[in-house]
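The lines below spell out each chain.
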Amino acid sequence: MSRLTHPSSIEALAPFRRLRACHTADPADIAGELPGWLRGEVVRTCPAVFDAPGWHARHWFDGLGMVYAFRIGEGRVHFQSRLLESEAARDAWQGKARLGSFGTPTARPWWQRLVEPVPRITDNNNVNITRIGPDLVAMTEGNRQLIIDDATLAAEGPVRYAGDALHGAIMTAHPHLDAARNTVVNVATSFGMHGTISVYEHAPAARRREVIGSWQTAHVPYVHTFGLTPDSAILVAHPYAVKPAKLLWSSQGYIDHFDWHPEEGTRLVVIERATGAVREHVTKPFFAFHTINAFERGDETVLDLLAYPDAGIVEALRIDRMLAGLPDLRPTLLRIVMRQGVERAGVEKLGDVGFEFPSTNYKRVNGHPYRYAYGAANWPGPDHAYASAVVKVDVDSGRSSAFSDELYVFGEPLFVARPHGEGEDDGALLSVGSARDDESSVLAVIDARTMAAVARATVPSAIPLGFHGSFVH
Ligand SMILES: [Fe+2]
């Protein structure tokens with residue numbers, strides 16, 4: 001397995017190679033047999049462009065976005081991709097950096113910083129894409145989600161939320177859909193003298209956000225995901241935090257203002273959805289991007305998540321660090337148990353493997369006790385290869401199984417339940433793999449029960465490893 005010895009840009013480095021052109025409805029080569037019931041589209045985002053004349057992303061999360069789709073049906077798969085049309089991309093191609101982004105400095109003249117102490121936030125929505133009511137919506141951590149046209153993947157413009165208390169707040173790119181109540185639930189961070197982290201809800205087709213509870217803090221944590229049960233939303237307030245005043249008049253990237261304060265421990269903030277009541281728990285310090293699932297158990301709230309010992313992973317995903325060595329994306333699966341009336345939360349390690357980009361049989365188990373978590377494990381292997389596996393963990397027994405293919409580095413596996421399926425794992429995992437050695441990519445269709453691939457759809461396009469997406473019907 002080869003790797004360039006001294007690449008000058010991450011775009012030269014598998015599995016982050018950039019697609020050279022946008023593709024429209026290319027048929028994929030199919031090996032194996034696609035399940036007859038599997039019809040729909042895998043729609044995903046990824047950071048794809050890291051360098052333009054006069055502009056360079058400094059962090060993986062700041063690569064200009066691409067949207068792509070594998071459209072599955074009638075025993076065939078067609079691939080389509082398109083660079084995300086955003087103000088951030090137009091700026092970058094003109095060598096400008098006016099918008100605040102994750103870990104890349106802005107280039108704003110001093111007078112502009114004076115009159116606008118905090119830059120407008122990027123609309124480079126490269127983190128996730130999901131259907132919210134009538135719209136396919138691309139998201140990042142920001143305040144300008146973009147509506148994507150289903151057929152062309154073109155950006156049609158921002159989602160227009162009604163003027164409300166959350167105007168300008170930073171929404172996560174990981175909203176929950178509470179199917180039982182037919183409501184979208186998300187979390188948004190606002191900065192003032194303090195930080196306010198609000199949980200809001202709206203009907204999928206509505207664009208009026210109702211705050212159902214909020215938590216104020218002087219030391220504002222970086223929030224990437226949250227847990228949701230029928231009763232509560234659970235925020236992970238790890239001690240990777242910022243005092244709001246640090247964000248003023250700065251030219252640094254958003255995350256460059258955050259510091260690690262392990263002495264504070266990690267706080268878990270449980271917000272009751274019915275009343276907005278807040279209770280806090282604390283445990284040992286850890287950092288997490290992703291929660292997996294949460295549920296209530298008697299007087300306990302349980303939250304499963306993927307934890308790193310500290311926030312060093314944020315630094316490991318800077319471009320210069322990744323060019324020197326690719327990151328180990330194998331955080332530990334932890335179960336956090338929060339008992340009412342007891343401030344200290346219990347922590348238990350689940351499973352024998354670490355992984356990122358988690359998924360579950362979401363519609364069936366989210367917010368409820370469950371058995372199976374899935375994800376992608378990527379880590380620096382021997383001989384400079386980037387090792388990769390799609391994993392399945394039985395959270396009851398801790399046992400795991402895995403799928404891998406030495407040709408590809410895999411990303412987030414999306415679970416698609418078989419219609420009228422029996423068990424929790426009766427369905428397929430759809431995971432996109434980027435080739436290590438050539439300019440091809442694959443959509444692997446993996447039987448979630450056995451973790452064996454039943455079909456592979458290969459396209460002659462180097463899809464950069466990305467973050468999240470959805471299976472839409
Ligand atoms: Fe994420």
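Residues numbered from 1 in each chain as written. Predicted model: local features only at pLDDT ≥ 70, side-chain atom pairs only at ≥ 80, totals over all residues.

(A) Expanded view of the overall build of the protein. On a plain count of helices and strands, the protein comes out with 5 helices and 37 strands. Its C-alpha atoms give the protein a radius of gyration of 21 Å, near enough to 23 Å, the size a compact globule of 473 residues would have. In terms of overall dimensions, the protein has C-alpha extents of about 55 × 55 × 45 Å along its principal axes. Taking all 473 residues of the protein together, the buried fraction comes to 52%. (Helix = DSSP H or I, 4+ residues; strand = E, 2+ residues; numbered from the N terminus. Rg over C-alpha atoms; globule rule 2.2 N^0.38 Å. Buried ≥ 20, exposed ≤ 12 C-beta atoms within 10 Å, placed from the backbone.)

(B) View of the nonpolar core. In terms of nonpolar packing, the biggest core is built from 145 residues, with Leu 235, Leu 443, Val 445 and Ile 446 touching the most fellow members. Broken down by element, this core gets its largest block of residues, 7 residues, from strand S6 (residues 64-73). In contact with Ile 446, other than residues within four places in its own chain, are Val 390, Phe 403, Pro 413, Ala 428, Leu 429, Ser 431, Met 451, Ala 452 and Ala 453. (Core = buried A, V, L, I, M, F, W, Y, C linked by C-beta atoms within 7 Å. Contact = placed C-beta atoms within 7 Å.)

(C) Layout of unusual backbone geometry. At the junction of Ala 14 and Pro 15, the peptide bond is cis and its omega measures out at 5 degrees in the coordinates. Tracing the backbone through its elements, the reader meets Pro 15 in the segment before strand S1 (26-27). Positioned with a positive phi, Asn 182 is a non-glycine residue whose angle comes to about 50 degrees. Checked against the element boundaries, Asn 182 lands in the loop between strand S13 (176-178) and strand S14 (183-191).

(D) Fine view of the pairing of strand S24 (residues 287-297). Taking burial as the measure, the 11 residues of S24 include 9 buried ones, the bulk of the element. Joining the antiparallel neighbours S24 and strand S25 (residues 300-308) is a turn of 2 residues, in which Gly 298 adopts a positive phi near 65 degrees. (Pairing = 2+ DSSP bridges.)

(E) The sheet that holds strand S8 (residues 128-132), seen in detail. The strand order across the open sheet built from 4 strands is S8-S9-S10-S11, with neighbouring strands paired in antiparallel fashion. Sheet topology places S8 and strand S11 (155-158) at the edges, where each strand pairs with a single neighbour. Strand after strand, the sheet turns through a mean of 35 degrees between neighbouring axes, direction not considered. Across 3 bridges, strand S9 (residues 135-139) lies against strand S10 (residues 146-148) in antiparallel orientation. Looking at S10, one finds that Val 137 is bridged to Ile 147. (Axes fitted to C-alpha atoms, helices over the stretch in contact; angles between N-to-C directions.)

(F) Geometry of the environment of Pro 15. For Pro 15, a count of 23 C-beta atoms within 10 Å translates into the label buried. Here the alpha-carbon distance between Pro 15 and Val 353, two residues 338 residues apart in the chain, equals 22 Å. For Pro 15, the residues in contact, after removing those within four places along its chain, are Tyr 386, Val 409, Ser 434, Arg 436, Pro 464 and Leu 465.

(G) Quick peek at the sheet that holds strand S27 (residues 346-349). One open sheet holds the 4 strands; their spatial order is S24-S25-S26-S27, and the pairing between them is antiparallel. Edge strands, defined here as strands with exactly one partner in the open sheet, are S24 and S27. Neighbour-to-neighbour, the strand axes of the sheet open up by a mean angle of 25 degrees, direction not taken into account. Across 8 bridges, the pairing between S25 and strand S26 (residues 332-339) is antiparallel.

(H) View of the pairing of S11. Of the pairings in the sheet, the one linking S10 to S11 comprises 3 bridges and is antiparallel in character. Considered in S11, the bridge of Leu 146 is made with Pro 158. Linking S10 back to S11 in an antiparallel pair, the connection comprises 6 residues, with Leu 153 at a positive phi of about 65 degrees.

(I) Representation of the confidence of the model for the protein in the model. Taken over all residues, the pLDDT of the protein has a mean of 95, while the share at 70 or more is 99%. Low confidence marks residues 1-5, where pLDDT is under 50. Its contacts with residues over four positions away, or in another chain, come to 9 contacts. (pLDDT = per-residue confidence, 0-100.)

(J) Fine view of the environment of Ser 388. On the secondary structure map, Ser 388 appears in strand S30 (residues 386-394). Residues Ser 388 and Phe 410 lie 22 residues apart in sequence; the distance between their C-alpha atoms is 6.1 Å.

(K) Geometry of the environment of Leu 228. Residue position: Leu 228 is located in strand S18 (residues 226-228). A tally of 25 C-beta atoms within 10 Å means that Leu 228 is categorised as buried. Expressed as a C-alpha distance, the spacing of Leu 228 and Leu 177, which sit 51 residues apart in the sequence, is 9.4 Å. Setting aside anything within four residues of it in sequence, one finds Leu 228 in contact with His 176, Asp 178, Val 185, Ala 233, Ala 294, Asn 366 and Gly 367.

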